[in-house]
Amino acid sequence: MELRIFTEPQQGATYDTLLAVAKATEDLGFDAFFRSDHYLAMGSADGLPGPTDAWITLAGLARETRRIRLGTLMTAGTFRLPGVLAIQVAQVDQMSGGRVELGLGAGWFEEEHKAYGIPFPKEKFARLEEQLAIVTGLWATQTGKTFDFHGKFYDLTGSPALPKPAQAKVPVLIGGHGATRTPRLAAQYADEFNIPFASIEDTERQFARVRAAAEEAGRGADALTYSNALVVCVGKDDAEVARRAAVIGREVDELKANGLAGSPAEVVDKIGRYAAAGAQRIYLQILDLDDLDHLELISSQVQTQLT
């Protein structure tokens, strides 16, 4: 089981804070640092000092880390034109020496679009399908050849399809709870399927749908990696768990029901249940980015029991 660190900077974080978390991620032996792609805080958070851009952040981290994978859960398809996104991700992949992964979703948070003047189209999923075809098509085009695409939403003619990523293939992540279109799209384009904030039972059902779609597409179910994203709150004792839950404005019982919370032993046990449901990788949603001791505890008392 691989553990990755997943951050939500729209809730309030500077680049320096994210850099400190990314360096701790690397030093403590976690596999990757991922971040959300949002421009507006959610819930009661004030979001200060303001949003940071996902791919600008990852570009900086690409030059300041050496081992960990870097990526998004998920880049919003509404934020970037697909040709521009292909250039951005390829450049950051080059800057990192080939450590980037692209999680791409349709976009969903209408309020942040209104707040920053970003169009919020009705046909987001159909656009996402074209975006995936364009981004992956541009990267796959042989150097010296050109790429054309003529769809309902996007039209590319004679693109040189440059630059190329450092990796032969940048891993693409697709995720969600949709029962039909999401598994089909994952089977066609994804290297990894991620289900966010789902119960063990819902995880098992959704993984089964994706595996069936992959078989139907002729890829084979095991061609994809299957992962969860779950909030984490671990403590050496009940008092430490309660303190960490209070800092992020959550109740311990709710966190235990809907995420990975409790003692290291409790969290290891629950991760094992997700593994039995088919999860191969878990993105640990860290909501208090100043609590690096939390990462150290997870590394020393949870991760060591899983590897």
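Before any of the text, the structure's been laid out above.
Residues numbered from 1 in each chain as written. Predicted model: local features only at pLDDT ≥ 70, side-chain atom pairs only at ≥ 80, totals over all residues. Heavy atoms only, no water.

1. Focus: the packing of helix α6 (residues 181-189) against helix α7 (residues 200-216)
For clarity, the cut-off: Angles here are taken between N-to-C directions and fall from 0 to 180 degrees, while the axes themselves are lines fitted to C-alpha atoms, restricted in helices to the stretch in contact. Helix and strand definitions here come from DSSP, where helices need a minimum of 4 consecutive H or I residues and strands a minimum of 2 consecutive E residues; each element is numbered from the N-terminal end. Comment on the angle field: the value is read as roughly parallel under 35 degrees, roughly antiparallel over 145, roughly perpendicular from 65 to 115, and oblique elsewhere. Left-handed describes a crossing in which the near helix is turned anticlockwise from the far one by less than a right angle; the clockwise case is right-handed. By the convention used here, residues are in contact when the closest approach between their heavy atoms is within 4.5 Å. Three categories are distinguished: nonpolar for Ala, Val, Leu, Ile, Met, Phe, Trp, Tyr, Cys and Pro, charged for Asp, Glu, Lys and Arg, and polar for the others, with Gly belonging to the last.
One way to put it is that α6 packs onto α7 with a least axis distance of 8 Å and a crossing angle of 50 degrees. It follows from the interaxial angle that α6 and α7 lie oblique. Note on packing geometry: the crossing formed by α6 with α7 is right-handed. Residues T182, P183, R184, A186 and A187 of α6 form the contact with α7, whose own contacting residues are Q206, R209, V210, A213 and A214. Of the residues that constitute the contact of α6 with α7, the class distribution is six nonpolar, two polar and two charged.

2. A look at the pattern of salt bridges
Selection criterion: For this analysis, a salt bridge means a side-chain nitrogen from Lys or Arg found within 4 Å of a carboxyl oxygen belonging to Asp or Glu. Throughout, exposure labels follow a simple rule: accessible area from a 1.4 Å probe, protein chains only, divided by the maximum for the residue type, with under 20% read as buried, over 50% as exposed, and the rest as partly exposed.
In the structure shown here, the tally under the stated rule is 19 salt bridges. Residue E240 pairs with R244 through a salt bridge whose shortest N-O separation is 3.1 Å. Residue E240 and its partner R244 are located together in helix α8 (residues 238-247), separated by four residues, close to a single helical turn. Relative accessible area serves as the criterion here: at 6%, R244 is assigned to the buried category. Linked by salt bridges that have partners in common, K236, E240, R243, R244 and D291 make up one network.

3. Focus: the environment of D253
With respect to the secondary-structure elements, D253 resides in helix α9 (residues 252-258). The spatial distance from the C-alpha of D253 to the C-alpha of A59 is 38 Å, given a sequence separation of 194 residues.

4. Details of the pairing of strand β12 (residues 281-286)
Here is the rule: At least two bridges found by DSSP between two strands are what make those strands a pair.
Most of β12 sits inside the fold, with six of its six residues counted as buried. Inspection of the sheet shows strand β1 (residues 2-7) paired to β12 by six bridges, in the parallel sense. Bridge pairing in β12 places I5 opposite L284. In this sheet, β12 lies alongside strand β10 (residues 225-234) in parallel orientation, the contact comprising five bridges. When the sheet's bridge partners are listed, N228 is paired in β12 with I282.

5. A word on the pairing of strand β9 (residues 192-196)
Stated precisely, the cut-off is as follows: A clockwise course of the path from the first strand over the helix to the second, judged with the strands pointing away from the viewer, identifies a crossover as right-handed.
Taken across its five residues, β9 has four buried, putting it largely inside the fold. Note that strand β8 (residues 172-175) and β9 share three bridges and pair parallel. Residue pairing in the sheet places G175 in a bridge with N194 of β9. Crossover handedness for the path β8 to α6 to β9: right-handed. Pairing between β9 and β10: five bridges, direction parallel. Bridge assignment links E192 to a residue of β10, and that residue is T225.

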